[in-house]
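Descriptive structure summary
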Amino acid sequence: MGASSAVRAAQVLAVAAAFLLVAASGPAAAAAAGLPRFAEAPEYRNGDGCPAHVAGAGVCDPGLVHIAMTLDAHYLRGSMAAIYSLLKHASCPESLFFHFVAAEGGAAPPVAELRAAVAASFPSLRFEIYPFRADAVAGLISASVRAALEAPLNYARNFLADLLPRCVPRTIYLDSDVLAVDDVRRLWETRLPAAAVVAAPEYCHANFSRYFTEAFWSDPELGERVFNGRRRAPCYFNTGVMVIDLRRWRVGNYRRRIERWMEMQKEKRIYELGSLPPFLLVFAGEVEAVDHRWNQHGLGGDNVLGSCRPLHKGPVSLMHWSGKGKPWDRLDAGRPCPLDHTWKSYDLYIGEGNSASAPSGSALSSSALPAAVFSW
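As annotated in an unreviewed UniProt entry, the protein chain carries the name Hexosyltransferase and comes from Eragrostis curvula. Per UniProt, the protein chain carries the Pathway (unreviewed entry) text "Glycan metabolism; pectin biosynthesis." According to the UniProt record, the Sequence similarities (unreviewed entry) comment for the protein chain reads "Belongs to the glycosyltransferase 8 family."

Here we take up the nonpolar core. Generally speaking, nonpolar side chains in soluble globular proteins are found buried as a group. In this structure, Phe98, Phe100 and Phe122 are the most contacted members of the largest nonpolar core, which totals 57 residues. Looking at this core element by element, the count peaks at 8 residues for helix H3 (residues 76–89). Aside from chain neighbours lying at most four places away, what touches Phe100 is Met69, Leu71, Ile83, Val118, Leu125, Phe127, Glu128, Ile129 and Tyr130.

What follows is about the sheet that holds strand S1 (residues 65–71). If you trace the 7 strands from one edge of the open sheet to the other, you get S3-S2-S1-S4-S9-S6-S10, paired in mixed fashion. Looking at which strands have only one partner, the edges of the open sheet turn out to be strand S3 (126–133) and strand S10 (288–289). Sheet strands touched by helix H4 (residues 111–121): S1, strand S2 (96–104) and S3. Its angle to S3, the strand with the most contacts, is close to 155 degrees.

What follows covers the state of the cysteines. Scanning all chains against the criterion turns up 4 disulfides. Bridging Cys50 to Cys92, the disulfide has an S-S length of 2.1 Å. Looking along the S-S bond of the Cys50-Cys92 disulfide, the torsion reads about -95 degrees, which is the left-handed sense. Of the two residues, Cys50 sits in the loop between helix H2 (28–32) and S1 while Cys92 sits in the loop between H3 and S2, which places them 42 residues apart along the sequence. Considered together, Cys50 and Cys92 belong to a single accessibility category, that of buried residues. Two residues, Cys60 and Cys167, share a disulfide whose sulfurs are 2.2 Å apart.

Right, let's get into the pattern of salt bridges. The tally for this structure, following the rule as stated, stands at 23 salt bridges. Between Arg157 and Asp175 there is a salt bridge; the shortest N-O distance is 3.8 Å. Here Asp175 lies in the loop between strand S4 (170–174) and strand S5 (178–180) and Arg157 lies in the loop between S3 and helix H5 (160–163), a separation of 18 residues in the sequence. Across the pair, exposure class does not vary: Arg157 and Asp175 are buried alike.

With that settled, the discussion passes to H4. Taken across its 11 residues, H4 has 9 buried, putting it largely inside the fold. Considered for burial, the residues of H4 that qualify are Val111, Leu114, Arg115, Ala116, Ala117, Val118, Ala119, Ala120 and Ser121.

Let us now look at the pairing of strand S9 (residues 241–245). Counted residue by residue, S9 has 5 buried out of 5 residues, so it is predominantly covered. Burial of S9 is two-sided: the residues Val241, Val243 and Asp245 facing one way and the residues Met242 and Ile244 facing the other way are all buried. One ladder, built from 5 bridges, connects S4 with S9; its direction is antiparallel. The partner of Thr171 across the bridge, within S9, is Ile244.

The next point concerns the packing of aromatic side chains. Counting across every chain of the model gives 23 aromatic pairs. Seen in terms of ring centroids, Phe208 and Phe212 are 5.7 Å apart; in terms of plane orientation they differ by 55 degrees. Their pairing is tilted. With a relative accessible area of 9%, Phe208 lands in the buried category. The class of Phe212 is buried, set by a relative accessible area of 6%.

Over its 14 residues, H3 runs 20 Å from end to end, which matches the ideal 20 Å to within 8%, given 1.5 Å per residue. The buried count for H3 comes to 12 of 14 residues, which makes it a mostly enclosed element. Buried within H3 we find Leu76, Arg77, Gly78, Ser79, Met80, Ala81, Ala82, Ile83, Tyr84, Ser85, Leu86 and Leu87.

Okay, the side chain of Ser322 next. Position of Ser322 among the secondary structure elements: in the loop between strand S11 (318–320) and helix H11 (327–332). Overall, the relative accessible area of 13% leaves Ser322 in the buried class. Side-chain polar atoms of Ser322 contact the backbone nitrogen of Gly298, separated by 2.7 Å.

Criteria and thresholds
Residues numbered from 1 in each chain as written. Predicted model: local features only at pLDDT ≥ 70, side-chain atom pairs only at ≥ 80, totals over all residues. Heavy atoms only, no water. UniProt positions renumbered as here; feature names shortened; annotations may be inferred. Core = buried A, V, L, I, M, F, W, Y, C linked by side-chain atoms within 4.5 Å. Buried < 20%, exposed > 50% of the residue type's maximum accessible area, 1.4 Å probe, protein only. Helix = DSSP H or I, 4+ residues; strand = E, 2+ residues; numbered from the N terminus. Contact = heavy atoms within 4.5 Å. Pairing = 2+ DSSP bridges. Axes fitted to C-alpha atoms, helices over the stretch in contact; angles between N-to-C directions. Disulfide = S-S within 2.5 Å. Salt bridge = Lys/Arg side-chain N within 4 Å of Asp/Glu carboxyl O. Phe/Tyr/Trp six-rings, centres within 6.5 Å; stacked < 30°, edge-to-face > 60°. Expected span 1.5 Å × (residues − 1). Polar contact = N/O pair within 3.5 Å; in protein donor to acceptor, adjacent residues only side chain to side chain.

Here you go:
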């Protein structure tokens, strides 16, 4: 047996072991591991016109849509709802391949337990989990306005090109607090011209200067000079929804470019937020713009209060609870915002006294979603 065959066989055995663990204990497996318990989601199959899978190609199958997300204990409930929504609205759900990055070591749940929890709710899901050690970025993280923004896993998106297999040409990175109400393949097919590495919705009406400190703007070596020579004037974009060309990222060594700004932040306080500003410093003005419908963000309010916010005007393909307020926390506290009830219809969490079943089909009907979702 060749080296590649041996690796493939080991992967098959690992998946089989996880499956047997899930089959033996079902949703109780996650509970035993100290993770939240989740119901099994309905199965979704490819429709007509979906690309045929190449036998034996695995993750290198050219017909796959690659989605990258992080997994951790607190946000796992959000991740499960996000996965469910992506599968439900996909025209080719069997063609989605999920790449999950999970913290390794410390108080983080073992990867095997996360794998069992995901497989229990989505038995047919095509996915892989990549361990991420905090020490990869721990020395680069600076204090932020919100403690959650300092978690090392927030910086895992910087390492996707290093973690994912080389045969994966691009990926859609999604935060765990999103909900898709459209076919993600439409986002996947975003054209990236030769000059672009990242595509994302841009928000040029936002006050771009407020993402950096006075020290940044007053420094003659920084400020406006940083963005001179870019394709367009710099605009804010939210890093919770991005299409990333992994091959161009590797060639341009963009992880190192981001890290250089993080190192400067340790010397000079040039921003107050966590992982977002370094991305702006590297990519603002060079991002390929995507329709705003793919990131209706800010539904979690600001980074301090997390107050309720409505959808922006216009059609919606993806809802994003960026900000302090997360829908599962507000629902559990008995203080949900109106849009949190839409998120709830995708929640697979099994609370105390609830049966182990997925949300009903009626809960996921169009009546559960804002009218703006269906305006085209």
